[in-house]
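Chain by chain, the residues:
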Amino acid sequence: MSYSDTIKSYIVREFVPDITTDDLADDYDLIANGVVDSLGLLRLISWLETTFSIPVDDIEINEQDFVTVTAICGFIDRAASTTDIAKAA
Amino acid sequence: MRTWSAEQRDLRIDFADKFAAWGEGHLERDRTGTFPWEQWKQVGESGLLKLPFDPAWGGLGQDLLTTMYVLEGLGYGCRDNGLNSSVATQLVSTGIPLHRFGTTEQKDRFLRSVADGTRIGAHAITERHGGSDAASMKSTAVRDGDNYVINGEKCFISNGPVADLFLLYVRTQGGTGPFGISTFLVERNTPGLGIGEVIDKMGLRTTPFCNITFDDVVVPASNMVGKLGKGFLILDYVMKWEVLCAFVLSLGNIRNRLERCIEFARSRTQFGAKIGSYQSISNKIVDMKIGLETSRKWLYDTAEDFLAGENVMMDLAIAKLMTSEANVKSAADAVQIFGGRGYLTEFGLEKDLRDATGGTIYSGTSEIQRDKISRILRVS
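Residues numbered from 1 in each chain as written. Chains lettered and ligands numbered in written order. Predicted model: local features only at pLDDT ≥ 70, side-chain atom pairs only at ≥ 80, totals over all residues. Heavy atoms only, no water.

1. A look at the UniProt feature "domain: Carrier" (unreviewed entry) in chain A
Per the UniProt record, the feature "domain: Carrier" (unreviewed entry) sits at residues 2-80 of chain A. Structurally, residues 2-80 of chain A is divided into 48% helix and 0% strand, and its ends, taken at the C-alpha atoms, are 15 Å apart. (UniProt positions renumbered as here; feature names shortened; annotations may be inferred. Helix = DSSP H or I, 4+ residues; strand = E, 2+ residues; numbered from the N terminus.)

2. Overview of the pattern of salt bridges
Following the criterion strictly, the structure yields 33 salt bridges over all chains and no others. Each of R12, E72, R255, K289, E293 and R296 of chain B takes part in a single network of salt bridges with overlapping partners. (Salt bridge = Lys/Arg side-chain N within 4 Å of Asp/Glu carboxyl O.)

3. Quick word on the environment of G231 of chain B
Residues and elements named next belong to chain B. You can see G231 is positioned in helix α7 (residues 231-267). The class for G231 is buried, based on a relative accessible area of 0%. Taking the C-alpha atoms as reference points, G231 and G82, 149 residues apart in sequence, are found 27 Å from one another. Excluding residues within four positions of it along the chain, G231 makes contact with Y169, I181, S182 and T183. (Buried < 20%, exposed > 50% of the residue type's maximum accessible area, 1.4 Å probe, protein only. Contact = heavy atoms within 4.5 Å.)

4. Quick look at empty space enclosed by the protein
All names here are of chain B. In total, this model carries 1 cavity of 30 Å³ or more according to the counting rule given. Forming the walls of the largest cavity are H26, D30, D80, N81, G82, L204, R205, T206, K351 and D355. At the level of elements, α2 (26-32), α5 (81-101) and α11 (349-358) are the ones that each hand at least two residues to the lining of the largest cavity. The residue makeup of the lining of the largest cavity, split by class, is 1 nonpolar, 4 polar and 5 charged. When residues are assigned to domains, the lining of the largest cavity turns out to be shared by domain 1 (6-120) and domain 2 (122-229), each giving three or more. (1 Å grid on protein atoms, 1.4 Å probe; cavity = no way out; pocket = protein on both sides within 12 Å on 5 of 7 lines; lining within 4 Å. Points joined across faces, edges and corners; volume = space filled by probe spheres on them. Nonpolar A, V, L, I, M, F, W, Y, C, P; charged D, E, K, R; others polar. Domains from an automatic or database assignment.)

5. Here we look at the domain arrangement of chain B
Residues and elements named next belong to chain B. In terms of domain boundaries, chain B breaks down into domain 1 (6-120), domain 2 (122-229) and domain 3 (232-376). Here the C-alpha centroids of domain 1 and domain 2 sit 23 Å apart. Counting the surface lost from both domain 1 and domain 2, the interface buries some 2100 Å², and carbon and sulfur atoms represent 57% of this. One can count 2 salt bridges joining domain 1 with domain 2. For R109, the salt bridge is made with E187, and the minimal N-O distance between the two is 3.7 Å. At the boundary of domain 1 with domain 2, the tally comes to 12 residue pairs in polar contact (both at pLDDT 80 or more). Looking at the side of domain 1 that touches domain 2, the elements that each hand over two or more residues are α2, α5 and α6 (104-115). When residues of the side of domain 1 that touches domain 2 are assigned to their parent elements, the largest contribution, 12 residues, is made by α5. Broken down by class, the residue content of the side of domain 1 that touches domain 2 amounts to 10 nonpolar, 14 polar and 7 charged. (Buried area = accessible area lost by both parts, 1.4 Å probe. Polar contact = N/O pair within 3.5 Å; in protein donor to acceptor, adjacent residues only side chain to side chain.)

So this is what it looks like as structure tokens:
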């Protein structure tokens, strides 16, 4: 399973259970469309930290990293390039 | 039933007499709204504030659960809930984030004095329009060379009027979301920092509140705690410690109250029978015990799960709700069980009720906690 599929599965399961992962486009704005709010962002970051072993404390993050599934994939890639994370997915 | 080691029990027992002594005179201090300076000095000397910190910075190296266990003893033994609240604020507002996210240089400069109480700490999060919606904060810090220039205001700052060191959460990037918030250490004597008058309040009157203002306050960039834009994640971590450490104090309060109520129900006679023989009284006491034990389980189990790296967002909300509301209910029931005596100031029970009420408001109101649980459950 790619990052994208893993992330979509999590987002659908946790935030929008009424749709399928196929319904969730890679470039769908999760924040502007209210799928992920501030509480959701904390949950998402906590999940990314655990699932992809990302040392969140040590890397720079901003809201744009979590706007779309594509952006989240980019965030994981960036974290992987700057740290020695284990690519769990 | 959780079991504690002999070392943990001995640690708490060693503090017991001190806890009781710090509470003496609490009714008078509550009446005048006076911060207990002398007792605070003794708190610092006792080592209580050193519990969770690394010995490298003067700490005692105790884990979270042991720290909570001792703090439960403080809530039980010390009748000055305001002082207890100041202790929790000191630990979680400045000590814990410095310990977890601070640089070695920051720890060298500040953590020892926070751990021995010679510096009083406070954190500044809430703004007038925000309250529980902390992410909507508007105060800013703008980079200027090697410094940041801070402007804005914060309100309802626990320990604020007596604090030497503030951990300040402000926006370093535009927008209104949770990112773009950064955390800074600001010392009391920094030019442009305005400390407001003590704000009178319903309970916890010995832990002083105030508003603070920032008018072109210049702090070195090296005073940033954690990374740029990570303040909200620091705050999330701090709030976990705050719920666990501040509300375990309430557990001690309920245990103390339960014992007093049982003793009173056994000794007070009305219409030829001990009042404990009336179910309308005994049921209140039974509910108090259930509230105590349920809260205890939620708090300590959540602490264990937190240490194990599990996602405890909902558990914390439940633990906070359970404990704060059990505290208010037991305090109200205690007033009722003691009748006229409960209503009189001299017995301290009406004060307990006023103190307990704050717990359903600070650290996220009961309404916010229910909303959080509802959102995680995807109710709406």
